[in-house]
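Each chain, written out:
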Amino acid sequence: MLIAQITDIHLGFDPGNPDEFNRKRLDRVLAALNAMDPRPDLLLATGDLVDRGDEDSYRRLRAALADCAFPVWPCLGNHDLRDMFSRSFPHVPTADGFVQYEVDCGALRFLILDTLEEGRHGGAFCDTRARWLAERLAEQPDRPTVLVLHHPPVDVGIAWMSTHPDEPWVDRLAAAIAGHGQVVGMICGHLHRAISVGWRGTTISICPSTAPQVALELAPLDPERPDERPMIIADAPAYALHRWNGSEMVSHFETAEDHLVLARFDARMQPLVRSLIAERP
């Protein structure tokens, strides 16, 4: 199974502009995914779908996703608004007022989580949401399951974006998945960078954004002393491909741009390819 992921689209950052930079970046990523061989089985859109939570941006997002040749399943980020989202995506299920739901894809089960607290940049996961997750996991303890959420529950070292490990919502999430070995991975966004980290017995894969990326700056940050460090950079729009091989999930990160090709599989490369394949059992 091949799972595509996009995140942090921030559509509507430049409201009223039909040639919006973020829409062009999204279109490039979707075109790359639609042209792929093999084509993804589904697409996860992991939050910050729009920038201001407005209905027009959600409507434009729905139009942009309409031509995808595979199902698209979204979750919400801190720039989203539940009511506005649900008006434009009424088919997306909710539970207890939160955008949390299950997607059964045969080989894998996906549990889409809602880590939005409106008005807060960081994540949230209240007792109601945690109870829903624990109940869903208890239903199928032997079924390989992937958790899909916007906010990674880890400190990745980027001072102005990271989640503090002592935030109460992190403990609630950890408690909900404790003892559930069927969780084979967690797929997140929010940080606008490609990051992978082990957490509580599973692996978190964080996808870079279709919108501009966050600069990699690991030095401590003093909020009272601006130091001119880069914060947002215009690297190419990006996406992730998560390949489930029946026992493991392997994550790849790619950009939607024209790459400079230095070698192709032609007659000159054929001996190398043959020798590499021959080494396998």
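In the block above lies the structure referred to throughout.
Per chain, residue numbering runs from 1 following the sequence as it is written. Given that the model is predicted, a residue must reach a pLDDT of at least 70 before its local features are reported, and side-chain atom pairs must reach 80 or more before they are shown or counted; all residues, however, enter totals for whole chains, interfaces and linings. Excluding hydrogens and water, the side-chain figures rest on all heavy atoms present in the structure.

Engineer: For this particular structure, what's the right way to read the pairing of strand S3 (residues 72-75)?
Structural biologist: Along a regular strand, successive side chains alternate from one face of the sheet to the other. Sheet analysis places strand S2 (residues 42-46) next to S3, joined by four bridges and oriented parallel. Across the sheet, the residue bridging to Ala45 is Pro74, located in S3. Think of it like this: strands point away, you trace from the first strand over the helix to the second, and a clockwise trace means the crossover is right-handed. Helix and strand definitions here come from DSSP, where helices need a minimum of 4 consecutive H or I residues and strands a minimum of 2 consecutive E residues; each element is numbered from the N-terminal end. For the segment spanning S2, helix H2 (residues 55-65) and S3, crossover handedness is right-handed. A pair of strands is considered paired only if DSSP assigns at least 2 bridges between the two.

Engineer: Teacher, can you tell me more about the environment of Leu33 here?
Structural biologist: Structurally, the position occupied by Leu33 is in helix H1 (residues 21-34). With a 1.4 Å probe rolled over the protein chains alone, any residue whose accessible area is under 20% of its type maximum counts as buried; one over 50% counts as exposed, and the rest are partly exposed. Classification of Leu33 by relative accessible area gives buried; the value is 0%. A sequence separation of 17 residues divides Leu33 from Gly16, and the C-alpha atoms of the two residues are 27 Å apart. In this description, contact between two residues means that some pair of their heavy atoms is separated by no more than 4.5 Å. Beyond its immediate sequence surroundings of up to four residues, Leu33 is in contact with Ala4, Ile6, Arg39, Pro40, Leu43, Phe70, Tyr239 and Leu241.

Engineer: Please explain the packing of aromatic side chains as it appears in this structure.
Structural biologist: Pairing of aromatic rings covers Phe, Tyr and Trp, the last through its six-membered ring, and needs centres within 6.5 Å; plane angles under 30 degrees mean stacked, over 60 mean edge-to-face, and all others mean tilted. Considering all chains together, one arrives at three aromatic pairs under this definition. Taken together, a centroid distance of 5.8 Å and an interplanar angle of 75° make the contact between Tyr58 and Phe85 edge-to-face. On the criterion of sequence distance, the pair formed by Tyr58 in helix H2 and Phe85 in helix H3 (residues 82-88) is long-range, its members being 27 residues apart. The residues Tyr58 and Phe85 share a single accessibility class, namely buried. A centroid spacing of 5.8 Å and a plane angle of 50° characterise the contact between Trp73 and Tyr101, whose relative ring orientation is tilted. One end of the pair, Trp73, is in strand S3; the other, Tyr101, is in strand S4 (residues 101-104), and 28 residues separate them in sequence. Assessed through its relative accessible area of 3%, Tyr101 is described here as buried. Every member of this aromatic cluster is reached through a ring pair, and the members are Tyr58, Phe85 and Phe89.

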